[in-house]
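# Chains, contacts and geometry: an overview
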Amino acid sequence: MNKLTDQNYDVLYDKICDIIDSILTKSENDVHKINEYIFNRGTLKFNCTVFAKLYKDLLKKYKILDGLITKELGTYLENFKHIKSCSPEESYSEFCKLNKLNDERRGLSMFLVELANNDSLEFSYIVSLINDLHLSLDIELMNENSQYTCQEICNNMKIMYECNKVKDIECN
């Protein structure tokens, strides 16, 4: 799965299904690991579209995956409740650490949007995230030294607004 791209999707999809079949033949308990792995790979910004497509196709083929996304979402949505940042002048090592976390969060935002765009994720999750981010932004705007945190919240909100269904609402 590490080499999955749009160009080789059709070839690797069958191989991925063969591997999943062999894993599930041994133990259906490993379905959670498969789900978690796809979610982790999908949150890398350069992979999110193809992994969202993979997730959708696997949901069609493996009914056992249905509903597992909710469990993963619970874990991942916690990431949005603790957005922090600092300036490089304050602490460069902390700035780098938080930048990495922020990149991961943006990748997650992109993956969730792609899942919603291809109907693998209920649109209500995106709406809920947008509302939570907006509330966080309102709170952070009250803090004098929160410009970097506000910027990160806005970056994620912008990604969420890329959801096709949000665009449809805005056009109506």
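This text gives an overview of the structure that appears in the document. Starting afresh in each chain, residues are numbered from 1 along the sequence in its written order. Thresholds applied to this predicted model are a pLDDT of at least 70 for local features of residues and 80 or more for the giving and counting of side-chain atom pairs; totals over whole chains, interfaces and linings are not thresholded and use all residues. Hydrogens and waters are ignored; side-chain quantities use all the structure's heavy atoms.

## Structural notes on the side chain of R106
To be explicit about the condition: Numbering goes from the N terminus for both helices and strands, where a helix is a DSSP run of H or I of at least four residues and a strand is a run of E of at least two. The contact rule is simple, with two residues in contact once any of their heavy atoms fall within 4.5 Å.
For R106, the location among the structural elements is in helix α5 (residues 92-117). In contact with R106, other than residues within four places in its own chain, are K45, E152, N155, N156 and I159.

## Considering the pattern of salt bridges
What counts, and what does not: Salt bridges, as used here, are contacts in which a Lys or Arg side-chain nitrogen is within 4 Å of a carboxyl oxygen on Asp or Glu. When a residue's accessible area, from a 1.4 Å probe over protein chains only, is under 20% of the maximum for its type it is buried; when over 50% it is exposed; and in between it is partly exposed.
The full count for this structure, using the stated rule, is six salt bridges. One salt bridge connects E94 with K97, and the closest N-O pair in it is separated by 3.9 Å. Linking E94 with K97, this pair stays in helix α5, spanning three residues, or about one helical turn. Since its relative accessible area comes to 30%, E94 is described here as partly exposed. Residue classification places K97 among the partly exposed residues on the basis of a relative accessible area of 48%. The partner of D103 in a salt bridge is R106, and the shortest N-O contact between them spans 2.9 Å. With a gap of three residues between them, D103 and R106 both fall in helix α5, about one helical turn apart.

## Observations concerning the packing of helix α3 (residues 48-61) against α5
Any two packed helices are characterised by the angle at which their axes cross and by the distance between the axes. How we decide: Note on geometry: axes are C-alpha line fits, over the in-contact stretch for helices, and angles between N-to-C directions span 0 to 180 degrees. Any angle that falls under 35 degrees is termed roughly parallel, while one over 145 is termed roughly antiparallel, one within 65 to 115 roughly perpendicular, and all others oblique. It is the rotation of the near helix from the far one that decides the hand of a crossing: anticlockwise by less than a right angle makes it left-handed, clockwise makes it right-handed. In this classification, Asp, Glu, Lys and Arg are treated as charged, Ala, Val, Leu, Ile, Met, Phe, Trp, Tyr, Cys and Pro as nonpolar, and every other residue, Gly included, as polar.
The N-to-C vectors of α3 and α5 enclose an angle of 45°; their axes lie 9 Å apart at closest approach. As judged from the angle between their axes, α3 and α5 are oblique. Seen from above, α3 lies across α5 with right-handed handedness. Of the residues in α5, those touching α3 at C48, T49, F51, A52 and Y55 are M110, F111, E114 and L115. Within the contact of α3 with α5, the residues separate by chemical class into seven nonpolar, one polar and one charged.

## Digging into the packing of helix α2 (residues 31-42) against α3
Between α2 and α3, the least distance of the axes is 8 Å, while the angle of their chain directions is 155°. Judged by the angle between their axes, α2 and α3 are roughly antiparallel. Judged by residue contacts, N35, I38, R41 and G42 of α2 engage C48, F51, Y55 and L58 from α3. Tallied by class, residues from the contact of α2 with α3 come to five nonpolar, two polar and one charged.

## Re unusual backbone geometry
Despite not being glycine, D119 has its phi angle at roughly 65°, a positive value. Mapped onto the elements, D119 comes out in the loop between α5 and α6 (123-141).

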